[in-house]
Amino acid sequence: FYLGRLEEARQAYARAVELGNADATVAQQVGADGPTSGGVAGSVSLSAAAAELVEPNDTVFIFARPPGQAGAPVAVVRNAAETWPLEFRLTEAQSMTEGMRLSDFEQVVVTARISRRGDADSALKTLEAKSQPIDVASDALVHLTIE
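Residues numbered from 1 in each chain as written. Predicted model: local features only at pLDDT ≥ 70, side-chain atom pairs only at ≥ 80, totals over all residues. Heavy atoms only, no water.

Caption draft 1: Representation of the pattern of salt bridges. This structure, assessed with the given rule, holds four salt bridges. Close ionic contact of R116 with D58 constitutes a salt bridge, the shortest N to O distance being 2.8 Å. Taken as a pair, R116 in the loop between β5 (107-115) and β6 (123-130) and D58 in the loop between α3 (48-53) and β2 (59-65) lie far apart in primary sequence, 58 residues in all. Given a relative accessible area of 2%, D58 falls into the buried group. Here D104 ties to R101 by a salt bridge, and the two come within 3.3 Å at their closest N and O atoms. Overlapping salt bridges, with partners in common, bring together E55, D58 and R116 in one network. (Salt bridge = Lys/Arg side-chain N within 4 Å of Asp/Glu carboxyl O. Helix = DSSP H or I, 4+ residues; strand = E, 2+ residues; numbered from the N terminus. Buried < 20%, exposed > 50% of the residue type's maximum accessible area, 1.4 Å probe, protein only.)

Caption draft 2: Broad picture of the environment of T111. Residue position: T111 is located in strand β5. In this structure T111 comes out as buried when scored by relative accessible area, which is 4%. When the C-alpha atoms of T111 and E128 are compared, they prove to be 7.0 Å apart, with 17 residues separating the residues in sequence. Ignoring any residue separated from it by four or fewer positions in sequence, one finds T111 in contact with F61, I62, F63, E128, A129, K130 and L144. (Contact = heavy atoms within 4.5 Å.)

Caption draft 3: Layout of the nonpolar core. Among the nonpolar cores identified, the biggest contains 28 residues, and L102, V110 and I146 are the most heavily contacted of them. For this core, the elements supplying multiple residues, two or more each, are β1 (40-46), β2, β3 (75-80), β4 (86-90), β5, β6 and β8 (141-146). Here this core gets four residues from one element, more than from any other, and that element is β5. Apart from residues no more than four positions distant in its own chain, I146 is found in contact with V44, S45, L46, S47, A50, A112, I114, L127, E128 and A129. If you look at the next biggest cluster of nonpolar residues, it comprises five residues, including L6, Y13, A27 and V30. (Core = buried A, V, L, I, M, F, W, Y, C linked by side-chain atoms within 4.5 Å.)

Caption draft 4: Representation of the pairing of β3 within the structure. The two faces of β3 differ: A75, V77 and N79 on one face are buried, but V76, R78 and A80 on the other face are not. Relative to β3, β2 runs antiparallel, the two sharing six bridges. Bridge pairing in β3 places A64 opposite A75. (Pairing = 2+ DSSP bridges.)

These figures capture arrangement, not role.
Below, the structure is given as structure tokens:
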């Protein structure tokens with residue numbers, strides 16, 4: 001799941017359930033029971049031009065913020081830029097600030113950004129994609145293309 005391989009995470013979780021190791025938190029993270037409110041899921045892909053610039057050792061940050069707000073994201077996941085498209089799911093488990101949960105907001109803007117050194121400070125802000133405001137409770141899938 002944390003590597004951005006959502007389908008494989010779902011399969012692994014289904015196998016864990018078969019073995020008697022069900023876990024509600026993990027089920028919510030991987031969307032094992034289908035989409036759940038309080039989360040935002042989707043995929044990130046690269047345009048042909050961006051694919052020429054992205055290196056396999058780069059890092060992809062996918063994060064959500066309330067529309068029009070700066071500062072720390074509400075939720076964030078970090079993935080290696082090895083495999084495209086990347087699938088993601090932002091949930092309460094990826095909250096950045098104690099006391100601030102994704103489900104506390106009606107809408108968020110999801111951003112995907114490439115970082116060369118693996119930290120948010122070295123992000124290549126020209127290699128990013130942003131969604132329009134997304135209703136958190138809608139279970140809509142977000143599809144971003146980094147150009």
